Amino acid sequence: MTETARRENPARRALLALETLRVLTEAGPTAVQRERLLDWPGWGALAPAFSPQPKSGWLDVADRLEQSFSDRPGDLKTAADHLDTSFFTPPEIIEAMFGLLRASGFTGGSVFEPGCGSGRFMAHAPSDLAIDWTGVEIDPTAARIARVLNPKAQIITSALQDISLRAGAFDVAIGNVPFAGRGSVYDPAYGTSTSLHGYFMLRAFDAVRVGGLVLIITSRNVMDSAQMIEQAQRIGDLVGAVRLPSGAFSASGTEVVTDLVVFQKRDAQLPPDLALHDAPSAYNPYGASPRRMTITAHADPAKAGVPVSVNAYWGQHPEHVAGRMAVTGYPQSPLVVLSTDHDGDIARAMAALRGLMPALPPRSTVAPEFGDVILTDDEGRKEGSFHIADDEVHQVISGALVQLPRAPQELRSLITLRDASLALIEAESDPARSDESITPLRDLARGAYLDYADKFGALNRGALHEGAVDPETGLPALSYKRPTMGGFRQDPDYVTVLAMEEFDQEIGEAAPAPILVRRVNKTPDRATSASSATEALSIVRGEGRGLDLARIGDLIGEPDPQVVVDQLAGHIFRSPTSDDYVLAVDYLSGNVRQKLADAQRAAETDPAFSANVEALRAVMPADLGPLDIRVSLGAPWIKPAYIVKFVQEVFLGRVKVTYTAPISYWELTNESGDLSPDITLTWGTPDANPLRLLELALNGKAPVITEEVLKNGKLKKVKRPAQTMAAEAKQSAIQERFAEWVWEDAARTEAICHEYNQRFSSYVVRKPDGAHLTFPGMSEDFTLWPHQRNAIDGMVSNARFMVGHAVGAGKTTDMVAGAMTLRRFGLANKPMIAVPNHLLEQVAREAKQLYPTGKFLIAGREDLQGSGRRLFAARCATGSWDAVILTHQALVSLPVAPEVEEAWIEEKKADLRSFLQDDKASGSTGGKRGAKLIAQAIRRLDAQLAELRDNANTDKNMILFEHLGVDHISIDEVHAFKRLPIATRAEGFSSARRNAPPTSC
């Protein structure tokens, strides 16, 4: 067979590659062998050979495959399961994709390829790009080829849903994801995905850092499916796409229409319409532009085809279509992209997209490396876990099984219970699995639990101990002392075992957890219809889709979006500032006074906004008047001019008043000399001038009159009680007079009321309403109370939210279910829950019982000591966790990156300097004392910064908070963290509170 014929025959190329792989030696491939392996087209080219009854031309191929894989029949079975996803990318398209990366400024870094196949992207990467590759491939044969072709790359042979990747660890994700049009994949962290390419894209998004790029070859269904493209744009901004010509993958045995889509990952805190780059033509499905266009032209002009609806992006960017779209009339392949010059059309479309590529931002310098941390042994057993081999108990230590010399029987029983529990949880994790197949596993796990409880007692047994009393709170430190359980608490899955038991810590009663009694994880049925638009709105919000008018229209059978909007009047409002529709609960909260002003301006030109005006007026807090407002000296919203006027009218004097806001300092300068004797007698004492009393009151301080006395040969200042009480009485009189004086002038009264209402009576607190929420994965044994649903709605709807439930009202459930919901809505990637030290295991156990198939990482004090710190950090950073649960003590032991803290300090210094510059620019000389205090504050920050820099590099292995990848924190008993630094000079605040270091925040 000639070289041309070989390349035109995908099946022949596949067989040559398999034969080459079989005869390879340890010396590695020759140049010819490498070329043949690079030509591997994927199993799709051999699909006819996997038929139960291959046709005559394929019968010999089927026999050759069985013979070649006689020693590895499992590999052939895996190939048969993935025939419809195994088609690989032509080199010229790969090279064009790397051209796009170059246009973004990419010169090298960490790159992830989901579904890497035989490693074509790695093999065809430009040699001048220093790339650290990580690929995942389920097919053992393709993975072996990838390793041979790319020996320096990390190739993981596994289903993508079975591995955990460190979120944000990669600069770029690139590849050709599976094309299967049907089928589903279940991942406990993501639920059930009915689209393979959609699931692979979501995993790619999670893998790259904020600002990182995702370049994926996929079927046209991603761009042409409103649901898929909107789901993707909740995480990243669409840079652009290229629709490739039909036949671009014909050498791999498929004619499917494919697209190259490019996204840039966005910070989760930014809304979808805020891009990280200036690509004005980027398609935004949340905007007002039409979403769909219809293709009617037939591939054969003599025929009439069925119109095909596609993304309006292709009409807005025809230069990104490498050819001409046409319909075929065939249901299985309704659309084709016709091209008479494949290479030329692809090159032109890629060049057009290259001009839109955004800059790849630099990687943070705090990114850790955990390559030296061993997480599992060669067989996948977790570091620190216990196992029974050859009837002896072993523990995985430094990646190897080490036999324990004396293992108690309790440890053996717990190993048996753990293995049975993990098998049951894995089975429960798959909602599609039948009850009949799970029942034997449940019986085995329940039997192991009952056997253990009968011999050794409750899993969660222990006793509560009181420690030293906290001098500030007056409460003793609490700890829950538990038995060692034969050392089993060192096992990374020990909390999963504890969750197999319901335990009442107060009375010590134990019972099997619900998962040992019945099935607890079932997939809720997806809603297909709704009786009204408001019911559909609740369904869509519960699905985590936000305000999706298209989905609401589908549920009520209404294709016209405007009709849907009309039916939701009062439940949604169009924002005059963004022109997007928002929920009423969000629109009618926050700074409603500003929103009202915006709506009134918009209503002047568009009467449709009159409804906004009326709704905002209805919720606007009532303006407060003099009888409702208490004005006190030193209030930061009181203008210095009022103090000047007060001194002029009441003290008959002249003063200059300055207020230094950054340090909350008031300063009075007397410009009229001594006050009259009558004024001094009325408002002061012989020891306290009225102006001095006023200045002290402005700074929140009480007067203290002292005198010097001689004691033991030394002069000491002592307080004079009678004189101090007299001064305090006069200061109180000044305060009372000021509170009356501010209302004695009509213009001043109006101005003060206006200022107060603008500042303090414009905000409406968002009222949480969680009635619409659903909780997939939650055990059916739990039913949330309305106040818990509302708390979770508050968590997912606000950047900061406090749950003030009474003791026993279910705050633990709020935190766990809130973390799971944040993950499901894409609002957080790795939530953290911090709890008091003595509640760690209880909270972890309840979390596993609430979400039996949830993935929780538990970190106690011992996990953050010594070598355990890096092991914990590696597990946290590289795992896809639903929540990381640790103690308060563990949380505060994690420092932030020095450069992050340095940036925080520099920001505070800049604020202080900015105040001084603004003061000079306004022509004011400011207060001398205030300026000195600001200079002192800057010097304190400089000293703090110098110490920080001096200590920054003392420990190269230091584990920082940034290393963990955590992006949301829930703190139980948050009062322990409320001592935030504040700007005040008032008495009653400790110096620690006024000058608290950043670590206390």
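Up top is the structure these notes are about.
Bear in mind that the values here come from a model prediction, so they are computed numbers and not experimental data.

Novice: It is not clear to me how the overall build of the protein should be interpreted in this structure. Could you clarify?
Specialist: Broken down by element type, the protein carries 35 helices and 32 strands. Taking all 1001 residues of the protein together, the buried fraction comes to 47%. Sequence separation of 24 or more characterises 65% of the internal contacts of the protein that already satisfy a separation of 6 or more.

Novice: Explain the sheet that holds strand E30 (residues 856–859) to me, please; I cannot follow it from the model alone.
Specialist: Pairing between the strands of a sheet is mediated by backbone hydrogen bonds and can be parallel or antiparallel. Ordered by their spatial adjacency, four strands build an open sheet running E30-E31-E29-E32, and the pairing between neighbours is parallel. Lying at the two open borders of the sheet, with one neighbouring strand each, are E30 and strand E32 (968–971). Neighbour to neighbour, the strand axes of the sheet diverge by 20° on average, direction disregarded. Pairing of E30 with strand E31 (residues 883–887) involves four bridges; the strand directions are parallel. Counted as the bridge partner of Leu857 is Val884 from E31.

Novice: I would appreciate a short explanation of the pattern of salt bridges in the present structure.
Specialist: Pairs can form between side chains of opposite charge whenever their charged atoms are close. All told, the structure shown has 37 salt bridges when counted by the stated rule. Here Arg519 ties to Glu428 by a salt bridge, and the two come within 4.0 Å at their closest N and O atoms. In this pair, Arg519 sits in the loop between strand E20 (509–512) and helix H17 (533–542) while Glu428 sits in helix H14 (residues 409–428), placing the two residues 91 residues apart along the sequence. Notably, a salt bridge pairs Asp687 with Arg720, separated by 3.8 Å at the nearest N-O pair. Taken as a pair, Asp687 in the loop between helix H24 (677–683) and helix H25 (690–698) and Arg720 in the loop between strand E27 (714–719) and helix H26 (721–741) lie far apart in primary sequence, 33 residues in all. Overall, the relative accessible area of 22% leaves Arg720 in the partly exposed class. Look at the salt bridges and you will find they share partners, linking Arg220, Asp224, Arg243 and Asp259 into a network.

Novice: I would appreciate a short explanation of the pairing of E31 in the present structure.
Specialist: The two faces of a sheet get side chains in turn, since along a regular strand they alternate between them. Most of E31 sits inside the fold, with five of its five residues counted as buried. Side chains of E31 alternate between two faces, with Ala883, Ile885 and Thr887 and Val884 and Leu886 buried alike. Relative to E31, strand E29 (residues 831–835) is paired through four bridges, and the arrangement is parallel. Residue pairing across strands places Met832 opposite Val884, the latter belonging to E31.

Novice: Hey, could you run me through the packing of aromatic side chains in this one?
Specialist: Each aromatic ring pair is summarised here by two numbers: the centre-to-centre distance and the angle between the ring planes. The final tally for this structure, using the stated rule, is 16 aromatic pairs. With centroids separated by 5.2 Å and ring planes inclined at 85°, the aromatic side chains of Tyr313 and Trp314 adopt a geometry described as edge-to-face. Both residues of the pair, Tyr313 and Trp314, count as buried. With a centroid separation of 5.1 Å and an interplanar angle of 35°, the aromatic rings of Tyr452 and Phe456 are classed as tilted. Residue Tyr452 and its partner Phe456 are located together in helix H15 (residues 435–456), separated by four residues, close to a single helical turn. Among the aromatic residues, ring-to-ring pairing joins Phe646, Phe651, Trp683, Phe738 and Trp741 into one connected group. In this structure, Lys855 is placed above the aromatic ring of Trp881, and the distance from its NZ or CZ to the ring centre is 6.0 Å.

Novice: Explain the sheet that holds strand E16 (residues 400–403) to me, please; I cannot follow it from the model alone.
Specialist: One open sheet accounts for three strands, arranged E14-E15-E16; its pairing is antiparallel. Here the strands that pair on one side only, and so sit at the sheet edges, are strand E14 (386–389) and E16. Strand-to-strand, the axes of this sheet are offset by a mean angle of 45°, without reference to chain direction. Strand direction decides the pairing type here: strand E15 (residues 392–397) and E16, joined by four bridges, are antiparallel.

Novice: Would you mind showing me how to read unusual backbone geometry here?
Specialist: Working note: non-glycine residues mostly have negative phi, and peptide bonds are mostly trans. Even without being glycine, Asp391 reaches a positive phi, approximately 65°. Note on placement: Asp391 falls in the loop between E14 and E15. Overall, the relative accessible area of 56% leaves Asp391 in the exposed class. Even without glycine at this site, Met485 takes up a positive phi of about 55°.

Novice: What's the story with helix H22 (residues 610–619) in this structure? I'm lost.
Specialist: Side chains of residues three or four places apart in an α-helix project in the same direction, reflecting 3.6 residues per turn. Within H22 the residues assigned to the buried category are Asn612, Val613, Ala615 and Leu616. Of the surrounding elements, those touching the buried residues of H22 are strand E21 (572–574), helix H20 (584–587) and helix H21 (592–603).

Novice: Any chance you could explain a negative patch on the surface here in plain terms?
Specialist: A cluster of acidic residues, Glu92, Glu95, Asp341 and Asp343, forms a negative patch at the surface. The topology assignment puts Glu95 in helix H6 (residues 91–103).

Basis of the calculations
- Position labels on residues start from 1 in each chain and follow its written sequence.
- With the structure being a predicted model, the display of local features is reserved for residues of pLDDT at least 70 and the display and counting of side-chain atom pairs for 80 or more, all residues being used for whole-chain, interface and lining totals.
- To get the side-chain values, all heavy atoms of the structure are used, and hydrogens and water are removed first.
- Secondary structure elements are taken from DSSP: a helix is a run of H or I of four residues or more, a strand is a run of E of two residues or more, and numbering for both begins at the N terminus.
- Exposure is judged per residue with a 1.4 Å probe applied to protein chains only, and the accessible area is read against the type maximum: over 50% gives exposed, under 20% gives buried, and values in between give partly exposed.
- Only heavy atoms enter the contact rule, under which two residues are in contact if any of them lie within 4.5 Å.
- Two strands are counted as paired when DSSP detects at least two bridges linking them.
- An axis is simply a line fitted to the C-alpha atoms; with a helix, the fit covers only the stretch in contact. Between two such axes, the angle follows the N-to-C directions and lies from 0 to 180 degrees.
- Should a side-chain nitrogen of Lys or Arg be within 4 Å of a carboxyl oxygen of Asp or Glu, the pair is scored as a salt bridge.
- Between 30 and 60 degrees the pair is tilted, below 30 it is stacked and above 60 it is edge-to-face, where a pair is any two Phe, Tyr or Trp rings, Trp via its six-membered ring, whose centres lie within 6.5 Å.
- When the NZ atom of lysine or the CZ atom of arginine is within 6 Å of a ring's centre and also within 35 degrees of its normal, the charge is said to sit over that ring.
- A patch consists of residues exposed above 30% relative accessible area that lack any salt bridge, with like charges linked at up to 9 Å and nonpolar side chains (Val, Leu, Ile, Met, Phe, Trp, Tyr) linked at up to 5 Å.
- Here the Shrake-Rupley method, with its probe set to 1.4 Å, supplies the accessible areas, and only the displayed protein chains count as covering residues.
- For the purpose of charge, His is not counted, nor are the chain termini; Lys and Arg are scored as positive and Asp and Glu as negative.
- Taken as the charge location is NZ of Lys, CZ of Arg, CG of Asp or CD of Glu.

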